[in-house]
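# Architecture at a glance
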Amino acid sequence: MCAIAAGRRGRRVWIIESANKPGKKILMSGGGRCNFTNLSVAADNYLSANPRFCRSALAGFSQWDFIAKVEAHGIAYHEKEFGQLFCDESSRQILGMLLAECAALGVTVSTGTMVQSIEPLDGGFQLQTSVGVARCQSLVVASGGLSIPKMGATGFGYDVARQFGHRLRPTRAGLVPLTLSGRPLEQIEGLSGVSLPAAARCAEQEFNSALLFTHRGLSGPAILQISSYWESGQTLSLNLLPERNAAHWLRTLKREHPTSTIQNRLAEVLPRRLAARLCELFGWAGNLHDLKNTDLERIGQTLNAWSVTVSGTEGYRTAEVTLGGVDTRDLSSQTMESRLVPGLYFVGEVVDVTGHLGGFNFQWAWASGHAAGQAC
């Protein structure tokens, strides 16, 4: 996106890509259909030490601008849920669109190319690369974060930032499955593969989506979303019946169906394996008329706010994004240019701006890249 914007201004652009092919994250996104943006993009969808920083770039190149580009290339798409937009066919269409625009503008793309050193020059930079020396007036770092190292992710961008005196915010894995250990892991034994609609709450944040139990802990969109807010030592609250007051529902069932068993009634609104496990775990048994209203209140509270102790995350290995990165205090929010080194820019995931699940991180990539391309 940066190369396209700069190329349209008549700039000669060279994209140096260390991977053996470009756009690997685009290709894997959305199960191969690329969740390329979201219909509702706002600063509230992003985490950063400076929550206002992303506003200018997002306003300068909105989701509607990217959607117009997709439509101009004849790429069919659909809304899945929560405003998330996916290609009807393949994520390769999004990558193909971007590469086609680069090619039309004469942008050079070199894959499998490493940057070995960067030195400042008067009015620019000199790069020693695996294919020779290059000089440029502007240098844009769009190298991403540490997430999914098997795809080639490294801390290269952070190293460049440090070299030129930039501050870094602490990095950690985001949009990542959570792991349990000891007693909490034993509590969900036998539930691997079970999924259900649920709300996950932590640090005054709550996300209502799908929850998936795994053999190591918890995953699914609700968990991936809350993982960006969870920090070590915090307890996670799971609402297994987010659309109802569970205690009130149970009291009503007791009046209307007193001979029903608690397990059978739970199995009507929860996966059967989960209903059975909860009854075993908490000792819920018998017919509803045998249970006191105080018992039903306690059961309802657990169903609406099951407290789970989390031990950690799956880490960068499976994380979709990296939280933290280049401190926004050292960057211009309008152009993404360094305030310390003229001609140096940082865009995308390498910057301390991290989106929610649902196309927001791609939109930040498009918008921040476009902002830099308009200026570099």
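Worth saying up front: this structure is predicted, and the values here are computed from it rather than measured.

## Some remarks on empty space enclosed by the protein
Applying the stated rule across the entire model yields 1 cavity of 30 Å³ or more. Taken as a whole, the largest cavity spans an internal volume of roughly 30 Å³. Considering the residues around the largest cavity, the lining is formed by Leu180, Pro184, Gln187, Ile188, Phe213, Leu218, Leu238, Trp306 and Val308. Among the secondary structure elements, those contributing two or more residues to the lining of the largest cavity are α7 (182-187) and β17 (306-309). Of the residues assigned to the lining of the largest cavity, the class counts are 8 nonpolar, 1 polar and no charged.

## Regarding the sheet that holds strand β4 (residues 77-79)
On the basis of which strands lie adjacent, the open sheet formed by 3 strands has the order β2-β5-β4 and antiparallel pairing. In the strand order of this sheet, the two ends are held by β2 (35-38) and β4, each with one partner. With direction set aside, neighbouring strand axes in the sheet form an average angle of 30°. Bridging between β4 and strand β5 (residues 84-87) involves 3 bridges; their strand directions are antiparallel.

## Quick notes on the packing of helix α9 (residues 246-256) against helix α12 (residues 293-304)
Between α9 and α12, the shortest axis-to-axis distance is 7 Å and the interhelical angle comes to 140°. One way to sum up the angle between α9 and α12 is to call them oblique. Considering the relative orientation of α9 and α12, their crossing is right-handed. Two secondary-structure elements touch here, α9 through Ala246, Ala247, Leu250, Arg251 and Lys254 and α12 through Asn293, Leu296, Glu297, Ile299, Gly300, Leu303 and Asn304. In the contact of α9 with α12, the residues fall into 6 nonpolar, 3 polar and 3 charged.

## Considering the sheet that holds strand β8 (residues 124-129)
Strand order in the open sheet formed by 3 strands is β7-β8-β9, with antiparallel pairing between adjacent strands. Two strands in the sheet have a free side with no partner beyond their single neighbour: β7 (115-121) and β9 (132-136). The average angle at which neighbouring strand axes cross in this sheet is 20°, direction not considered. Bridge analysis of β7 against β8 gives 6 bridges, and the strand direction is antiparallel. By the bridge assignment, Leu121 is partnered in β8 with Gly124.

## Describing helix α11 (residues 272-282)
What α11 keeps buried is the set Leu274, Ala275, Arg277, Leu278, Cys279 and Leu281. The secondary structure elements touched by the buried residues of α11 are α7, β13 (195-202), β14 (205-213), α10 (262-269), α12 and β17. The positive-phi residue at the C-terminal boundary of α11 is Gly283, with phi of around 75°.

## Notes on unusual backbone geometry
Here the phi dihedral of Phe82 falls at roughly 55°; this positive angle occurs in a residue that is not glycine. With respect to the helices and strands, Phe82 occurs in the loop between β4 and β5. Phi at Leu175 is positive, roughly 50°, even though this residue is not glycine. Tracing the sequence through the fold places Leu175 in the loop between β11 (168-174) and β12 (178-179). Taking the relative accessible area as the measure of exposure, Leu175 reaches 2% and is therefore buried.

## Quick look at the packing of aromatic side chains
Going through the model one piece at a time under the given rule, you end up with 10 aromatic pairs. When the ring of Phe36 is compared with that of Phe66, the centres are 5.9 Å apart and the planes differ by 45°; the resulting orientation is tilted. In this pair, Phe36 sits in strand β2 while Phe66 sits in helix α4 (residues 63-72), placing the two residues 30 residues apart along the sequence. You can call Phe36 buried: its relative accessible area is 0%. Look at Phe66 and you get buried, because its relative accessible area is 0%. On the basis of an interplanar angle of 85° and a centroid distance of 5.9 Å, the ring pair of Phe125 and Phe164 is categorised as edge-to-face. Taken as a pair, Phe125 in strand β8 and Phe164 in the loop between α6 (156-163) and β11 lie far apart in primary sequence, 39 residues in all. An aromatic cluster is built from Phe36, Phe66, Tyr77, Phe362 and Trp366, whose rings are joined through pairwise contacts. The aromatic ring of Phe86 is capped on one face by Lys80, whose charged end is 5.3 Å from the ring centroid. Here Arg244 stacks its cationic end above the ring of Trp249, 5.0 Å away from the centre of that ring.

## Things to note about α9
Where α9 is concerned, the buried positions are Ala246, Ala247, Trp249, Leu250, Thr252 and Leu253. Tucked inside the fold, the buried residues of α9 contact α10 and α12. At the N-terminal end of α9, a side-chain oxygen is found 3.2 Å from the backbone nitrogen of Ala247, two or three residues along, and the residue is Asn245.

## Comments concerning the nonpolar core
Membership of the largest hydrophobic core comes to 58 residues, with the highest contact counts inside it found for Phe66, Ile94, Phe346 and Trp364. Every residue in contact with Trp364, bar those within four places of it in the chain, is listed here: Tyr46, Phe53, Cys54, Ala57, Leu58, Met336, Gly348, Val351, Val353 and Gly369.

## Re the side chain of Ser219
Looking at the secondary structure, you find Ser219 in strand β15 (residues 217-219). Residues within four places of Ser219 in sequence aside, it is in contact with Pro177, Ala210, Leu211, Leu212, Thr214 and Leu224.

Thresholds, definitions, all that
- Numbering of residues starts from 1 in each chain and follows the order in which that chain's sequence is written.
- Only residues with pLDDT of 70 or above have their local features reported here, since the model is predicted, and side-chain atom pairs are shown and tallied only from 80 upward, although totals for entire chains, interfaces and linings are computed over all residues.
- To get the side-chain values, all heavy atoms of the structure are used, and hydrogens and water are removed first.
- A cavity here means a set of points on a 1 Å grid, drawn over the protein atoms and nothing else, where a 1.4 Å probe fits but cannot get out; a pocket is an open set with protein on both sides within 12 Å along at least five of seven lines, and a residue lines either one if it has an atom within 4 Å of a point.
- Grid points are joined across faces, edges and corners, and a volume is the space filled by probe spheres set on the points.
- Each helix is a run of DSSP H or I of at least 4 residues and each strand a run of E of at least 2, with the numbering of both proceeding from the N terminus.
- Three residue categories are used. Nonpolar comprises Ala, Val, Leu, Ile, Met, Phe, Trp, Tyr, Cys and Pro, charged comprises Asp, Glu, Lys and Arg, and polar comprises the others, including Gly.
- Here a strand pair is declared whenever DSSP counts at least two bridges between the two strands.
- Note on geometry: axes are lines fitted to C-alpha atoms, helical ones only across the stretch in contact, with angles between N-to-C directions running from 0 to 180 degrees.
- The scheme is simple: roughly parallel for angles under 35 degrees, roughly antiparallel for over 145, roughly perpendicular for 65 to 115, oblique for anything else.
- Helix crossings get a hand from a simple test, with the near helix turned counterclockwise from the far one by less than a right angle marking a left-handed crossing and a clockwise turn marking a right-handed one.
- Residue contacts are counted whenever heavy atoms from the two residues lie within 4.5 Å of one another.
- Relative accessible area decides the class of each residue, using a 1.4 Å probe on protein chains only: under 20% of the type maximum gives buried, over 50% gives exposed, and in between gives partly exposed.
- Centres within 6.5 Å make a pair out of two Phe, Tyr or Trp rings, where for Trp the six-membered ring is used; the pair is then stacked when the planes are under 30 degrees apart, edge-to-face when over 60, and tilted otherwise.
- Sitting over a ring, as applied to charges here, requires NZ of Lys or CZ of Arg to be within 6 Å of the ring centre and within 35 degrees of the ring normal.
- Identification of polar contacts relies on pairs of N or O atoms within 3.5 Å, with a donor-acceptor requirement for protein atoms, meaning one able to donate a hydrogen and the other able to accept it, and with residues adjacent in sequence counted only if both atoms are side-chain atoms.
- Here the nonpolar core consists of buried residues drawn from Ala, Val, Leu, Ile, Met, Phe, Trp, Tyr and Cys, with membership extended through side-chain atoms lying within 4.5 Å.

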